[in-house]
Amino acid sequence: MRRTRATDGKAVLRWRGGLELRLGNLYAGLFLIAATLALAALSSGIGTIGADLGDLARALVGTPLAADKAYALWDVRLPRILTGFLAGWLVAMAASMLQSLTRNPLADPGLLGLSQGSMIMIMLALIFAPATSQFLIPLAALAGGLAVALLLLVLVGRERANGLAILLMGIAIETVLSSIASLLILYTPSETSYALSSWLAGSLFQASWSGIAALMPWFLLSLPAAFLAGRRLAPYDLGDETAQALGEPIGWSRPAILLTAVLLGAAAVTAVGPLMFLGVLAPQLVGFLSPALARARLFLTGLMGGLLVVAADSLTRSLAGEMALPLGLSLTLIGVPLFILSLRLRALKLS
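These figures come from a predicted structure and were not determined experimentally.

**Quick word on the overall build of the protein chain**
- Scanning the protein chain for helices and strands turns up 13 helices and 3 strands.
- Its C-alpha radius of gyration of 21 Å places the protein chain within 12% of the 20 Å reference for a compact globule of 351 residues.
- Summarising its shape, the C-alpha atoms of the protein chain cover approximately 60 × 50 × 40 Å along the three principal directions.
- Within the protein chain, contacts between residues at least 6 apart in sequence are counted, and of these 70% link residues at least 24 apart.
- As displayed, the protein chain has an accessible area near 17,100 Å², and 69% of this comes from carbon and sulfur atoms.
- The positive charge centre, built from 23 side chains, and the negative charge centre, built from 16, are 13 Å apart in the protein chain.

**Considerations on the pattern of salt bridges**
- Across all of its chains, the model carries 2 salt bridges by this definition.
- Across the pair R80 and D313 runs a salt bridge, and its minimum N-O distance is 2.5 Å. Taken as a pair, R80 in helix α3 (residues 67–102) and D313 in helix α12 (residues 294–318) lie far apart in primary sequence, 233 residues in all.
- Judged by its relative accessible area of 14%, R80 is buried.

**With respect to the packing of α3 against helix α10 (residues 250–272)**
- At a closest axis distance of 8 Å, the pairing of α3 and α10 adopts a crossing angle of 150°. What the angle tells us is that α3 and α10 run roughly antiparallel. In the packing of α3 onto α10, the handedness of the crossing is left-handed. Only R254, I257, L258, T260, A261, L264, G265, A267, A268, A271 and V272 of α10 make contact with α3, whose side of the interface consists of T83, A87, L90, V91, M93, A94, M97, L98 and L101.
- The residue inventory of the contact of α3 with α10, partitioned by class, reads 16 nonpolar, 3 polar and 1 charged.

**Remarks on the environment of M304**
- Mapped onto the secondary structure, M304 falls in helix α12.
- Relative accessible area serves as the criterion here: at 8%, M304 is assigned to the buried category.

**Some details on α10**
- Taking 1.5 Å per residue as the helical rise, α10 with its 23 residues ought to reach 33 Å, and the 32 Å between its terminal C-alpha atoms agrees with that figure.
- When you tally the buried positions in α10, you get 18 out of 23 residues, the bulk of the element.
- A positive phi of about 85° marks G273, the residue just after α10.

**A short note on the packing of aromatic side chains**
- Inspection of the entire model under this criterion finds 4 aromatic pairs.
- Measuring from ring centre to ring centre gives 5.1 Å for W89 and F219, while their planes differ by 65°; the resulting arrangement is edge-to-face. Taken together, the residues span a long stretch of sequence, with W89 in helix α3 and F219 in helix α8 (residues 209–236) at a distance of 130 residues.
- Judged by relative accessible area, which is 15%, F219 ranks as buried.
- Here the aromatic cluster, defined as three or more aromatic residues joined through ring pairs, consists of F85, W89, F219, F227 and F299.

**Here we look at α12**
- The terminal C-alpha atoms of α12, which comprises 25 residues, lie 36 Å apart, in line with the 36 Å expected from a rise of 1.5 Å per residue.
- Within α12, 21 of the 25 residues are buried, leaving the element largely enclosed by the surrounding structure.

**Some points on the side chain of Q99**
- As for its placement among the helices and strands, Q99 is situated in helix α3.
- Separated by 2.9 Å, the side chain of Q99 and the backbone oxygen of G279 make a polar contact.
- Ignoring sequence-local partners within four residues, the contact set of Q99 consists of N104, P105, A107, G279, V280 and P283.

**Concerning the nonpolar core**
- Counting 78 residues, the largest nonpolar core has M97, L114, L278 and L308 as its most contacted members.
- The dominant element in this core, judged by the number of residues it contributes, is α3, at 15 residues.
- Ignoring anything within four residues of it in the chain, the contact list for L278 reads G88, V91, P283, G305, L308, V309 and L331.
- The next biggest cluster of nonpolar side chains, apart from the first, holds 6 residues, and it includes I122, A125, I137 and A141.

**Describing the environment of I49**
- Tracing the backbone shows I49 in the loop between α1 (23–43) and α2 (53–60).
- Among the residues examined, I49 registers a relative accessible area of 26% and is labelled partly exposed.
- It is 38 Å that separates the C-alpha atoms of I49 and L184, two residues lying 135 residues apart in sequence.

**Concerning the side chain of S314**
- Relative to the elements of secondary structure, S314 occurs in helix α12.
- Under the relative-accessibility criterion, S314 is labelled buried at 6%.
- Ignoring any residue separated from it by four or fewer positions in sequence, one finds S314 in contact with L39, S43 and I46.

**A word on the packing of α8 against α10**
- Where α8 meets α10, the closest approach of the two axes is 10 Å, and the angle between their N-to-C directions is 150°. The angle between α8 and α10 places the two elements in the roughly antiparallel class. Relative to α10, the crossing made by α8 is left-handed. Contacts between α8 and α10 involve L215, W218, S222, A225, A229, R232, L233 and Y236 from the former and I250, W252, S253, R254, I257, T260, L263, L264, A267, A268 and A271 from the latter.
- The residue makeup of the contact of α8 with α10, split by class, is 14 nonpolar, 3 polar and 2 charged.

Quick notes on the rules
- Residues numbered from 1 in each chain as written.
- Predicted model: local features only at pLDDT ≥ 70, side-chain atom pairs only at ≥ 80, totals over all residues.
- Heavy atoms only, no water.
- Helix = DSSP H or I, 4+ residues; strand = E, 2+ residues; numbered from the N terminus.
- Rg over C-alpha atoms; globule rule 2.2 N^0.38 Å.
- Contact = heavy atoms within 4.5 Å.
- Areas by Shrake-Rupley, 256 points an atom, 1.4 Å probe, with all protein chains shown as cover.
- Lys, Arg positive; Asp, Glu negative; His and termini not counted.
- Charge placed at Lys NZ, Arg CZ, Asp CG, Glu CD.
- Salt bridge = Lys/Arg side-chain N within 4 Å of Asp/Glu carboxyl O.
- Buried < 20%, exposed > 50% of the residue type's maximum accessible area, 1.4 Å probe, protein only.
- Axes fitted to C-alpha atoms, helices over the stretch in contact; angles between N-to-C directions.
- Parallel < 35°, antiparallel > 145°, perpendicular 65-115°, else oblique.
- Left-handed = near helix turned anticlockwise from the far one by under 90°.
- Nonpolar A, V, L, I, M, F, W, Y, C, P; charged D, E, K, R; others polar.
- Expected span 1.5 Å × (residues − 1).
- Phe/Tyr/Trp six-rings, centres within 6.5 Å; stacked < 30°, edge-to-face > 60°.
- Polar contact = N/O pair within 3.5 Å; in protein donor to acceptor, adjacent residues only side chain to side chain.
- Core = buried A, V, L, I, M, F, W, Y, C linked by side-chain atoms within 4.5 Å.

Structural measurements only, silent on function.
What follows is the structure in structure tokens.
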């Protein structure tokens, strides 16, 4: 490994195999990790039970805690923090993959109908088979997302597919599926309808260690997937024709990356419900913090997504005594001002 400069003059770390990492991206990644850890430590002390960071530190070194504090930390707060980070990571990384495929900064699992496919299958399972095993719910979500992805490829055509065609067809499918979801909520019993509406708004209320164990394999899968897909996504950023000219086999790489995004997004939807705006927000904030390409963008976007969801959950729990904010609304309240500020600062920089 040696430090050198890229063709644009920016400092990079370069390995013998040709892999390189911009120092700016490295510093941004370290900042996001530090910010996430600091926010997680702060979030562990938010709640009606007076358990703070000091109690968490004492528990980690083996000091016994009072039963109420131990329950608040180990059974409620830490599972919510970890589940939120993992779900945010998965949604943001899936959205970053889709945005490179479509060359559109607005593309995310929700806009293309992938999240809606997962949601519809989960809703149907909860409505018509309420006794369904919890083990089968994630499988239903994956089946719904995969069905939408397959429908996209069939309608657009695998060989003739391009980013714009996938985006427009995804918007059409998303509109139809959203209407079906609204009908299901409207004509189900009030108790079921209320539960579905709460879940559709995003929630970490059911976060648990078993849920974390179910999400962890998908998080671990996303790490090598980011390395492999990141290499493939770099040519897509230049356009389909250029990607083909560079030797990218888009006939199979595009469906493979789309399948990966479906799997990651469906896993997150199963855990916390849809986080619609996150897929658009996280990549844009990363672009403002430290412009990155390929693998670096995927990892930075995942970190930003996890950080935003942990921040949104902290806001939700800090206001729980006054009003019950859905996670999706908290995410919007935190993310939209940051989004507007980043766009404004970027515009001032370019002017």
